[in-house]
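Summary of structural features
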Amino acid sequence: MSSSARKFLRLLDANLEKPFLVVGMLLMIGIITYQTVYRYSITELLALLDGPRFSAWLGSFLPVGRIRETVSHYVGLSVWSEELSRYIFIWISYLAIPLAIRQRSNIRVDIIYDRLPPRVQGLSWIVVDLCLLILSVFVFTEGVEHISMQLAMPQVTAALRIPYAIPYLILPLGFGLMTLRALEDLVRQLRDSSWRDALAGAAFTALLFAPVLLFDDLNAIALLFGYFVVLLLIGVPIAFSLGIAALMTVVGAGTLPVSYIASVAFTSIDNFPIMAIPFFIAAGVFMGAGGLSRRLLSLADELVGGLAGGMALASIATCMFFAAISGSGPATVAAIGTLTIPAMVERGYDKLFAAAVVAAAGAIGVMIPPSNPFVVYGVAGQASVGKLFLAGITPGILTGLALMATAYVIARKNGWRGEARPRSLKTVGRAVWEAKWALLVPVIVLGGIYGGLMTPTEAAAIAAMYGLLVGLFVYRELSLASLWKCCVESAQTSAVIIMLMAMATIFGNVMTLEQVPERIAAAILDLTSNKIAILLLINVLLLWVGTFMEALAAIVILTPILLPLVTKVGVDPIHFGVIMVVNLAIGFVTPPVGVNLFVACGITKQKIELVSRAAVPFILTMLVILLLVTYWPSLSLFLL
């Protein structure tokens, strides 16, 4: 084979999934935007035809009843759009996971792995790849069986009227690609390891799953949580840990038919509200790359930049603005930190303080709506996403103001002054005008949701389309090359979350069958029935979990367990959602798995323990806000 052919094959291998992700992401955004605009225009036209004055005037020379009947008929023509976008969403979610496997970017717990010597780390990757292969091969095989069943007994979808075999084809295709990527990673790892390490990894994996193969009628709860904890500790991605633990429980305890796992991998994410996650992520990515974050920073600098610690205050204020766009903590830190941390260092601030400020302020990104954790909690806890968004506004703003007060005190103590330059209503007005396109995003999203014009998912799609158009045609800072990268990043980031939710659904269903949530609730209520004490225990648990587990993973795993408990002692599910998100937002800034810290450390090139130490005053401030949110429900619920 020629060198050019090998180069082409390597390029194809590295980018196999990316064109599908880019096209799929843009199609989804376009279809849901079309659906929203189409439905709104038809609804407005029907309302106009129902108006007595207009109807009377039009009826004098046109048949109004016939026109209204025709318009009503066309409302149904957009039904296909939601179904098509859902199937595209499922396809790109499972096509992005192979890319995440190839890049080793799935969410996992690294506490033990990071402390292992390099040789043992390599051995652990052999075990991880073998575990990925177990789940991927199983779902691939069951997916093929499911397609065969669909072909033998054809059924068609409700709106598109296409055979169900077409959308379900993603199971063998997506998990087949996951199998291929896991095999590639395993081969690469074996090349870097000795034959002894390879045998040790294979032997460890065999011993790990031997009990399920050798014994029958094992305890379901022991299998479910035993495998989950062990797989987490050895570094298997959390989504795969959930799926494998459920699979081993089904095989070893006969809890459910094994074919159930593959079908739920599809049906659990065939859900319109979940689609808000990739849209909000895409909106934040588009707006960060399109120049909106830079203009928000300029506005914040005009408003508070002249005070002591002015650039730190501007950083926090900008994070609050950007939180109303991105819905993600790490995305907020990445978008704002790359601009503000170098600016703070240039103005004489301590580099560790600068990193800590942005890392803490980035946590506001999951409180102020839109918020991906609120979407995930809403789906997991069957709560209104719109109400959760409203409930998060006050805690988010309060957290931002408290962080600004903390930064002001520290900056004043250290003599870090604001930038001395003329500021007036004219300069503020100019900055507002420059940032007007960014400032309109929260108005469009929240106004559309609470004005009854859009669902949260539709508002997210509109926000993504808005960010795309502003970046391409207004500010012109979003090129076609950067658009490609933004789409891939958005699809891959959201897919990791979606895979986690799919596997958590399977895991949660097994828990429900075994009555785990009820048993835990009964055990805690036997210990104490005091609402204050229970909330305090839950806060301690969530703060501890937040130190080693990513927030979205914690929400999908713990919501089915904790929500029945708190509702029994009279806690509103919306209020508990806010408690959970504020709690886990603090986890973004606490080592060893504080993702905001990782992003800030990457920008400053500082060690995580040094930035963590600088973040202590901000963490204490956030803990005070957490107590207020926990024991003062009206703080969150008064807007509902």
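None of the values given here were measured: they were computed from a predicted structure. (Residues numbered from 1 in each chain as written. Predicted model: local features only at pLDDT ≥ 70, side-chain atom pairs only at ≥ 80, totals over all residues. Heavy atoms only, no water.)

**Looking at a nonpolar patch on the surface**
As a reminder, the rule being used: Every patch collects residues that have over 30% relative accessible area and no salt bridge, joining them within 9 Å if they carry like charges and within 5 Å if they are nonpolar side chains (Val, Leu, Ile, Met, Phe, Trp, Tyr). Here the accessible surface of atoms and residues is derived via Shrake-Rupley with a 1.4 Å probe, and residues count as covered only by protein chains that are part of the display. Put simply, a salt bridge is a Lys or Arg side-chain nitrogen that is within 4 Å of an Asp or Glu carboxyl oxygen. Runs of H or I in DSSP of at least four residues are treated as helices and runs of E of at least two as strands, each being numbered from the N terminus.
On the surface, Ile532, Leu536, Val540, Leu627 and Tyr631 cluster together into a nonpolar patch covering about 460 Å² of accessible area. Contributions of two or more residues to the nonpolar patch are made by helix H25 (531–546) and helix H30 (616–631). Examining the composition of the nonpolar patch, we find that three residues originate from one element, H25, more than from any other. Along the chain, Val540 turns up in helix H25.

**Comments concerning the domain arrangement of the protein chain**
Short version of the rule: Note that the domain bounds reflect an automated or database-derived domain assignment. Whether two residues are in contact is decided by their heavy atoms: any pair within 4.5 Å suffices. Accessible surface is computed with a 1.4 Å probe, and the buried area is the amount of it that two parts give up when combined, taken over both parts together. Pairing of N or O atoms within 3.5 Å defines a polar contact, subject to two protein rules: one partner must be a possible hydrogen donor and the other a possible acceptor, and residues neighboring in sequence count only if both atoms are side-chain atoms.
Along its sequence, the protein chain is organised into domain 1 (1–106), domain 2 (114–270) and domain 3 (275–635). Between domain 1 and domain 3, the contact holds 27 residues from the first and 26 residues from the second. Taken over both partners, the interface formed by domain 1 and domain 3 buries close to 2300 Å², and the fraction arising from carbon and sulfur atoms is 82%. In terms of surface lost to domain 3, no three residues of domain 1 exceed Met25, Ile29 and Phe89, which account for 23% of the buried area on that side. Applying the counting criterion to the domain 1 and domain 3 interface returns zero salt bridges. If you look at where domain 1 meets domain 3, you find three residue pairs in polar contact (both at pLDDT 80 or more). When residues of the side of domain 1 that touches domain 3 are traced back to their parent elements, those giving at least two are helix H2 (18–50) and helix H5 (79–103). No other element matches H2, which puts 15 residues into the side of domain 1 that touches domain 3.

**Some points on the pattern of salt bridges**
Heads up, the rule is: Remark: exposure states derive from per-residue accessible area (1.4 Å probe, protein chains only) relative to the maximum for the residue type, with buried under 20%, exposed over 50%, and partly exposed in between.
Using the criterion set out here, one finds eight salt bridges in the structure. Here Arg181 and Glu17 are joined by a salt bridge, their closest N and O atoms 2.8 Å apart. A residue pair is termed long-range when its members are at least 10 positions apart, and Arg181 in helix H8 (residues 170–191) and Glu17 in the loop between helix H1 (3–15) and H2 qualify at 164 residues. Overall, Arg181 belongs to the buried group, its relative accessible area being 0%.

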